[in-house]
Amino acid sequence: MSLADVLLWPGTKICERLGVDPESDAGLIRSMFNMIIYLSVILPVIWIIMA
């Protein structure tokens, strides 16, 4: 398992759960889900560190 597979894992699992092919649409749907997940995790951490 490569580093890219590890980073894309959350979006892949969400796509599989919704019945969407993670490789379709050039992976844009998977990337959107990954962005939402990582943004919701990293932003609070940055706010706590900067406060």
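Let me sum up the structure you'll find in this document. In this text the structure is predicted, and so the values were computed from the model without any measurement. (Residues numbered from 1 in each chain as written. Predicted model: local features only at pLDDT ≥ 70, side-chain atom pairs only at ≥ 80, totals over all residues. Heavy atoms only, no water.)

A look at the overall build of the protein chain
Step number 1: In terms of helices and strands, the protein chain carries two helices and zero strands.
Step number 2: Computed over C-alpha atoms, the radius of gyration of the protein chain comes to 13 Å, more than 25% over the 10 Å expected from 2.2 N^0.38 for 51 residues, which places it beyond the range of a compact globule.
Step number 3: Oriented by its inertia axes, the alpha-carbon framework of the protein chain measures out at about 40 × 25 × 20 Å.
Step number 4: Residues classed as buried in the protein chain amount to 18% of the 51 residues present.
Step number 5: Carbon and sulfur atoms form 74% of the exposed surface of the protein chain, whose accessible area is close to 4100 Å². (Helix = DSSP H or I, 4+ residues; strand = E, 2+ residues; numbered from the N terminus. Rg over C-alpha atoms; globule rule 2.2 N^0.38 Å. Buried < 20%, exposed > 50% of the residue type's maximum accessible area, 1.4 Å probe, protein only. Areas by Shrake-Rupley, 256 points an atom, 1.4 Å probe, with all protein chains shown as cover.)

As for helix H1 (residues 3–18)
Step number 1: For H1, spanning 16 residues, the distance from its first C-alpha to its last is 24 Å, which sits close to the expected 22 Å at 1.5 Å a residue.
Step number 2: The sharpest bend along H1 reaches about 55° and sits at Trp 9, with the proline Pro 10 one to four residues further on.
Step number 3: All buried positions along H1 are accounted for by Pro 10, Gly 11, Thr 12 and Cys 15.
Step number 4: Contacts from the buried residues of H1 go to helix H2 (28–50).
Step number 5: The positive-phi residue at the C-terminal boundary of H1 is Gly 19, with phi of around 80°. (Expected span 1.5 Å × (residues − 1). Bend = angle between axes of the 7 residues up to and from the residue. Contact = heavy atoms within 4.5 Å.)

Let's talk about the pattern of salt bridges
Close approach of charged atoms allows side chains of opposite charge to pair.
Step number 1: One pass over the full model with this rule turns up two salt bridges.
Step number 2: Between Glu 16 and Lys 13 there is a salt bridge whose closest N-O contact spans 3.4 Å. Taken together, the residues Glu 16 and Lys 13, both in helix H1 and three residues apart, mark about one turn of the helix.
Step number 3: For Glu 16, a relative accessible area of 45% translates into the label partly exposed.
Step number 4: We note a salt bridge from Arg 30 to Glu 23, for which the minimum N-O separation is 3.2 Å. (Salt bridge = Lys/Arg side-chain N within 4 Å of Asp/Glu carboxyl O.)

Function cannot be inferred from these measures alone, as they are strictly geometric.
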